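Architecture and fold: a report
Residue-level listing of the chains:
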Amino acid sequence: HNATSVTEIGCGTGNLAAKFSAAGIEYTGLDMSAEMLKIAQKNNPGCNFVKGNMRNFLLAKKQESCIITGRTISYLI
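These figures come from a predicted structure and were not determined experimentally. (Residues numbered from 1 in each chain as written. Predicted model: local features only at pLDDT ≥ 70, side-chain atom pairs only at ≥ 80, totals over all residues. Heavy atoms only, no water.)

Helix and strand counts for the protein chain stand at 2 helices and 4 strands. Each helix and strand of the protein chain, placed in order from N terminus to C terminus, yields the pattern β-α-β-α-β-β. For 77 residues, the compact-globule estimate of 2.2 N^0.38 gives 11 Å, and the C-alpha radius of gyration of the protein chain, at 12 Å, lies within 12% of that figure. Seen through its C-alpha atoms, the protein chain measures out along the principal axes to roughly 35 × 25 × 25 Å. Residues counted as buried form 30% of the 77 residues belonging to the protein chain. Sequence-distant contacts in the protein chain: of pairs separated by 6 or more residues, those separated by 24 or more amount to 45%. Taking the 8 positively charged and 5 negatively charged side chains of the protein chain as two groups, their mean positions are separated by 4 Å. (Helix = DSSP H or I, 4+ residues; strand = E, 2+ residues; numbered from the N terminus. Rg over C-alpha atoms; globule rule 2.2 N^0.38 Å. Buried < 20%, exposed > 50% of the residue type's maximum accessible area, 1.4 Å probe, protein only. Contact = heavy atoms within 4.5 Å. Lys, Arg positive; Asp, Glu negative; His and termini not counted. Charge placed at Lys NZ, Arg CZ, Asp CG, Glu CD.)

Our next topic: the layout of surface pockets. Taking a probe equal in size to a water molecule and rolling it over the atoms shows the remaining empty space. Quantified by volume, the largest pocket comes out at close to 530 Å³. Residue lining of the largest pocket: 24 residues in total, with Gly-10, Gly-12, Asp-31, Thr-72 and Tyr-75 positioned closest to the centre. Listing elements by their share of the lining of the largest pocket, those giving two or more residues are β1 (5-9) and β2 (26-31). Tallied by class, the residues present in the lining of the largest pocket amount to 9 nonpolar, 11 polar and 4 charged. (1 Å grid on protein atoms, 1.4 Å probe; cavity = no way out; pocket = protein on both sides within 12 Å on 5 of 7 lines; lining within 4 Å. Points joined across faces, edges and corners; volume = space filled by probe spheres on them. Nonpolar A, V, L, I, M, F, W, Y, C, P; charged D, E, K, R; others polar.)

Another point: the nonpolar core. Nonpolar side chains tend to gather and get buried jointly when the protein is soluble and globular. Val-6, Cys-11, Ala-17, Ile-25, Tyr-27, Leu-37, Ala-40, Cys-47 and Phe-49 together form the largest nonpolar core, which totals 9 residues. Residues within four places of Phe-49 in sequence aside, it is in contact with Cys-11, Gly-14, Ala-17, Tyr-27, Gly-29, Leu-37, Ala-40, Gln-41 and Asn-44. (Core = buried A, V, L, I, M, F, W, Y, C linked by side-chain atoms within 4.5 Å.)

Turning our attention to the environment of Ala-60. Its place among the elements puts Ala-60 in the loop between β3 (48-51) and β4 (65-68). With relative accessibility at 89%, the residue Ala-60 sits in the exposed group. For Ala-60 and Val-50, which are 10 residues apart along the polypeptide, the C-alpha to C-alpha distance reads 9.8 Å.

Set out below in structure tokens:
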């Protein structure tokens with residue numbers, strides 16, 4: 001849909017980050033786990049990762065799209 005930026009809620013280890021980055025899309029991943037984010041950043045140094053709670057978070061700049069994939073919603077329980 002011609003988006004140039006995306007935020008993934010519950011990015012975990014950043015498995016999708018490389019795909020978005022390779023497509024020229026500015027990627028931001030959000031996750032609560034510092035350990036997961038450390039792996040994500042190591043594997044995707046050109047991407048942005050933010051530690052935060054999907055229930056209440058602020059991003060430094062506006063994003064064109066936001067996705068939640070896999071079983072991320074189940075962590076709201």
